[in-house]
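Take a look at the letters that make up each chain.
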Amino acid sequence: MTAGGMRGLSPWRWLGAPMMLVMGASFLFAIPLRFWGLGLPEPLFAMPVVFAWAVIRPSMLAPICVMILGLYLDLLWGTPFGLWAVCLLLPYGVVLGGRAMLAGQSRLMMWLWYGAATGLSMGAGYLFTMLHTQGAPSPFPIGWQFLATVVLYPVADRLIELFEDADVRFR
Amino acid sequence: MSLRDNPLGELKVPLTWTAGIVFLVVLIVSVGILLGDRREAFDTDEYGNPRTLSDRVMAPVGDALSTPGRLTGEGVEGIRGYFFAVSENRRLKAELENMRQWRDVAVALRDTNERYRAILGLKTDPPIPMAAARIVVDSRGPFAHSRLANVGREAGVKPGNPVMSENGLVGRVVGVTEGVSRVLVLTDVASRTPVMIDRTNARAILTGDGGPNPRLDYLRGQNAVRAGDKVLTSGDGGVFPRGLPVGVVVKGLDGRWRVVLAADKAPVDYVRILLFEDFTQVANRAALDQMNPPSPTPGASTLPPPVPEPVVQPPAAATPRPKAAAAVPGPPAATPAPKAAVPRATPPAKAAPPRPSEPAP
């Protein structure tokens, strides 16, 4: 076991910096810009980061960061306060619980798991919105956001590659 | 005894368990926050300090970030206008020619309307003051469609004020602070707008579902709507003034009647916030409550006094309660109660004259 392997991973590197990047990207895509008459898509930039945090290692800070990210998205997008916090925490908890099963899976399988986690988040959002407003949201925009979020898996993959082996105690 | 010698010193709580416990606590807190949210109330007090504060921070940042894009768009539009000036000039001339004919029709209709109003003594709505604003943040997710406009309380904006683009209704204000207003767009899942079909005057509720085309719910009447009908605000409920253009009816893929919003014809970058106050907000309710009901119009037809239904006394009940049974049905059948009958009879007499035709929008 090398000394480098035992080196602790700074929370700022794997939690703080990605969280700030997600906040910035989400804000940037909320600007009212149109290209050739079409608005920007609105993917859930937080999803790859949340998925990667759950896969990389169990942490006491990560759930708090997930909640902060969710509350930030609620304030930015005007959704009910706490909606995205819950919708992000649910897949985080599920992936964290199945972390041992995900270890060593191929990239394609991890992408499928990521898609399932995104689906869980969207499904929870659909359910809570339906209960909150007494009306069912249209499935087409949800499907559109789901697709726009699923294609972001390479971001999660990159984060996992960077930090999964940063501390050998969590291999 | 030092810590190293303590048998409990080597005891470590597994990180997975502590992380799991923290996760559960955070999840419970988040669910509590979500359940405590009162966004659907759309009230100033319910909007909350976190939202107010974040809107105040986000609006100037969004404004600054969107400036390069806006300036680029204006530049591209300027270049396009320069190269297509001749064809644009031809199109505008044709449109002007068409509009001149409509102007003559509008002048004639206005004259007719004024005469009708003078004859009927109609009290028309006062002109609505407006505040111009620019959209600086725009969320388009499936669970929320809202925008931040860079005008707020200092311009007199209040929650509930309608918001329009140059083409039609955009939504209404749901949160206001200094310099910023949050606009709930008609397509938001929580948006409900009372509307009417221009051709048939049929009423409906425009219900947002997160998609681009909100649906028409609670549509009343048979054949009340067909594809291509114009949809306007009905003014019911007093949230919106009557007659604001909303869009055009289409048949959705799901077989429901939906509306292509007029505001979607062009990017919604600049908006007008109507500082609209309906009658219920303006009226002095305390003074109205103290007013006596008006006396009936002389000579007008009134409803007959109410005739109480005959009470059939069961033979067994007649013996134990003779006084109570005789006191209720006897006298009112013969003598009408004047105070109770007068106000009920007045509204039908007022509603007798036929309604004037709707003014042209």
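What you see as residue numbers is a count from 1 along each chain, following the sequence as written. Starting at A for chains and at 1 for ligands, labels are handed out in the order in which the entities are written. Given that this is a predicted model, residues contribute local features only at a pLDDT of at least 70 and side-chain atom pairs are listed and counted only at 80 or more, while totals for whole chains, interfaces and linings are drawn from all residues. Note that the side-chain values use all heavy atoms of the structure and ignore hydrogens as well as water.

This paragraph deals with the overall build of chain B. Starting at the N terminus, helices and strands are each numbered in turn, a helix being any DSSP run of H or I of at least four residues and a strand any DSSP run of E of at least two. Within chain B, the secondary structure is distributed over 10 helices and 12 strands. To sort residues, take the accessible area from a 1.4 Å probe on protein chains only and compare it with the maximum for the residue type: under 20% means buried, over 50% means exposed, and anything in between is partly exposed. Within chain B, the proportion of its 361 residues that are buried is 33%. Working rule for contacts: check all heavy atoms of both residues, and any pair within 4.5 Å makes them a contact. Counted over contacts in chain B with a minimum sequence separation of 6, partners at least 24 positions apart contribute 59%. On chain B, roughly 22900 Å² of surface is accessible, and the fraction owed to carbon and sulfur atoms is 61%. In short, Shrake-Rupley with a 1.4 Å probe defines the accessible areas, and a residue's cover is counted only from the protein chains shown.

Moving on, we come to the overall build of chain A. The number of helices and strands found in chain A is nine helices and two strands. Of the regular secondary structure in chain A, the N- to C-terminal order runs α-α-β-β-α-α-α-α-α-α-α. Relative to the compact-globule value of 16 Å for 171 residues, chain A shows a C-alpha radius of gyration of 17 Å, a close match. Expressed as lengths along the three principal axes of its C-alpha atoms, the size of chain A is roughly 55 × 30 × 30 Å. Counting all 171 residues of chain A, 55% fall into the buried class. Taking the intrachain contacts of chain A between residues at least 6 apart in sequence as the baseline, contacts between residues at least 24 apart amount to 74%. Per element, the accessible surface of chain A, about 7600 Å² overall, is 73% carbon and sulfur. Looking at chain A, you have 9 positive and 7 negative side-chain charges, and the mean spots of the two groups are 6 Å apart. For a compact globule the rule gives 2.2 Å times the number of residues to the power 0.38, and the radius of gyration it is set against comes from C-alpha atoms. Only four residue types enter the tally: Lys and Arg on the positive side, Asp and Glu on the negative side, with His and both chain ends excluded. Charged groups are reduced to one reference atom each: NZ for lysine, CZ for arginine, CG for aspartic acid, CD for glutamic acid.

Side chains of nonpolar character tend, in soluble globular proteins, to be buried together. As used here, the term nonpolar core means buried Ala, Val, Leu, Ile, Met, Phe, Trp, Tyr and Cys residues forming a set that is joined through side-chain atoms within 4.5 Å. Core analysis: the biggest nonpolar cluster contains 67 residues, and Leu44(A), Phe51(A), Trp53(A), Leu73(A), Leu76(A), Leu88(A) and Tyr92(A) have the highest contact counts within it. Considering each element in turn, this core owes the most residues, 11 residues, to helix H4 (residues 61-77) of chain A. Apart from the residues within four sequence positions on either side, Leu44(A) is in contact with Leu73(A), Trp77(A), Trp84(A), Leu88(A), Ser121(A), Met122(A), Gln145(A), Thr149(A) and Leu152(A). Grouped together as the second largest cluster of nonpolar side chains are 20 residues, Ala204(B), Ala224(B), Leu261(B) and Phe276(B) included.

Counting from both sides, the interface comprises 51 residues of chain A and, opposite them, 47 residues of chain B. Accessible-area loss on putting two parts together, using a 1.4 Å probe and summing over both, is the definition of buried area adopted here. Summed over both partners, the interface of chain A with chain B buries about 4100 Å², with 73% contributed by carbon and sulfur atoms. When the buried area of chain A at its contact with chain B is split by residue, Phe27(A), Leu75(A) and Phe81(A) rank highest and sum to 15% of it. Criterion for a salt bridge: a side-chain nitrogen of Lys or Arg within 4 Å of a carboxyl oxygen of Asp or Glu. In this structure, the connection of chain A to chain B is made through zero salt bridges. Whenever a nitrogen or oxygen atom comes within 3.5 Å of another N or O atom, the pair is scored as a polar contact, on the condition that within protein one atom can donate a hydrogen and the other can accept it, and that pairs from neighbouring residues in sequence are kept only if both atoms are in side chains. Remark: the boundary between chain A and chain B carries 10 residue pairs in polar contact (both at pLDDT 80 or more). When residues are grouped by polarity, Ala, Val, Leu, Ile, Met, Phe, Trp, Tyr, Cys and Pro land in nonpolar, Asp, Glu, Lys and Arg in charged, and all others, Gly among them, in polar. Looking at the side of chain A that touches chain B residue by residue, the classes come out as 36 nonpolar, 13 polar and two charged.

A word on the packing of H4(A) against helix H1 (residues 15-36) of chain B. The contact between H4(A) and H1(B) brings their axes to 9 Å, and the two run at 20°. As judged from the angle between their axes, H4(A) and H1(B) are roughly parallel. Judged by the sense of rotation from one axis to the other, the crossing of H4(A) with H1(B) is right-handed. In this structure, H4(A) contributes Pro63(A), Ile64(A), Met67(A) and Leu71(A) to the contact, and H1(B) contributes Ala19(B), Val22(B), Phe23(B), Val26(B), Val29(B), Ser30(B) and Ile33(B). Its residues assigned to classes, the contact of H4(A) with H1(B) shows 10 nonpolar, one polar and no charged. Comment: axis = line fitted to C-alpha atoms, over the contacting stretch for helices; angle = value between 0 and 180 degrees taken between N-to-C directions. Any angle from 65 to 115 degrees is called roughly perpendicular, while one under 35 is roughly parallel, one over 145 is roughly antiparallel, and all others are oblique. By definition, any crossing whose near helix is turned counterclockwise from its far helix by less than a right angle is left-handed, and any crossing with a clockwise turn is right-handed.

Turning to the UniProt feature "transmembrane region" (unreviewed entry) in chain B, a few remarks are in order. The positions that UniProt labels "transmembrane region" (unreviewed entry) are, in the present scheme, residues 15-35 of chain B. Note that residues 15-35 of chain B is 100% helix and 0% strand, and that its end C-alpha atoms are spaced 30 Å apart. UniProt positions are given in the numbering used here, feature names are shortened, and annotations may be inferred rather than shown by experiment.

Moving on to the packing of aromatic side chains. Here a Phe, Tyr or Trp ring, Trp counted by its six-membered ring, pairs with any other such ring whose centre lies within 6.5 Å, and the pair is stacked when the planes are under 30 degrees apart, edge-to-face when over 60, and tilted otherwise. Per the counting criterion, the structure on display carries nine aromatic pairs over all chains. Ring centres of Phe29(A) and Phe45(A) lie 5.0 Å apart, and the angle between their planes is 70°; on these two criteria the pair is classed as edge-to-face. Note that Phe29(A) is positioned in the loop between helix H2 (11-28) and strand E1 (34-35) and Phe45(A) in the loop between strand E2 (38-39) and helix H3 (46-56), a separation of 16 residues in sequence. On the basis of relative accessibility, which here comes to 16%, the residue Phe45(A) falls in the buried class. Taking the centre distance of 6.2 Å and the plane angle of 70° together, the rings of Phe51(A) and Tyr153(A) count as edge-to-face. Here Tyr153(A) lies in helix H9 (residues 153-163) and Phe51(A) lies in helix H3, a separation of 102 residues in the sequence. Tyr153(A) carries the same exposure label as Phe51(A), and that label is buried. These aromatic residues form a ring-pair network of at least three members: Phe51(A), Trp111(A), Tyr114(A) and Tyr153(A). It is Lys251(B) that lies over the ring of Trp257(B); its NZ or CZ is 4.2 Å from the centre. Note on geometry: a ring has a charge over it if NZ (lysine) or CZ (arginine) is within 6 Å of the ring centre and within 35 degrees of the ring normal.

Relative to the helices and strands, Pro154(A) resides in helix H9. Remark: the alpha-carbon pair of Pro154(A) and Gly143(A), spanning 11 residues in sequence, is separated by 19 Å.

On to H1(B), then. A helix is expected to reach a length of 1.5 Å times the quantity of its residues less one. A rise of 1.5 Å per residue sets the reference length of H1(B), with its 22 residues, at 32 Å; its end C-alpha atoms lie 31 Å apart and thus fit the reference within 8%. Turning to H1(B), its buried residues number three or more, namely Thr18(B), Ala19(B), Val22(B), Phe23(B), Val26(B), Leu27(B), Ser30(B) and Leu34(B). Against the buried residues of H1(B) lie H4, helix H5 (83-97) and helix H7 (107-133) of chain A.

What follows covers unusual backbone geometry. Phi is positive for Gln134(A), which is not a glycine, with a value near 60°. Note on placement: Gln134(A) falls in the loop between H7 and helix H8 (139-150). Its identity as a non-glycine residue notwithstanding, Tyr218(B) has a phi of 55°, on the positive side. Looking at the secondary structure, you find Tyr218(B) in the loop between strand E8 (215-217) and strand E9 (230-233).

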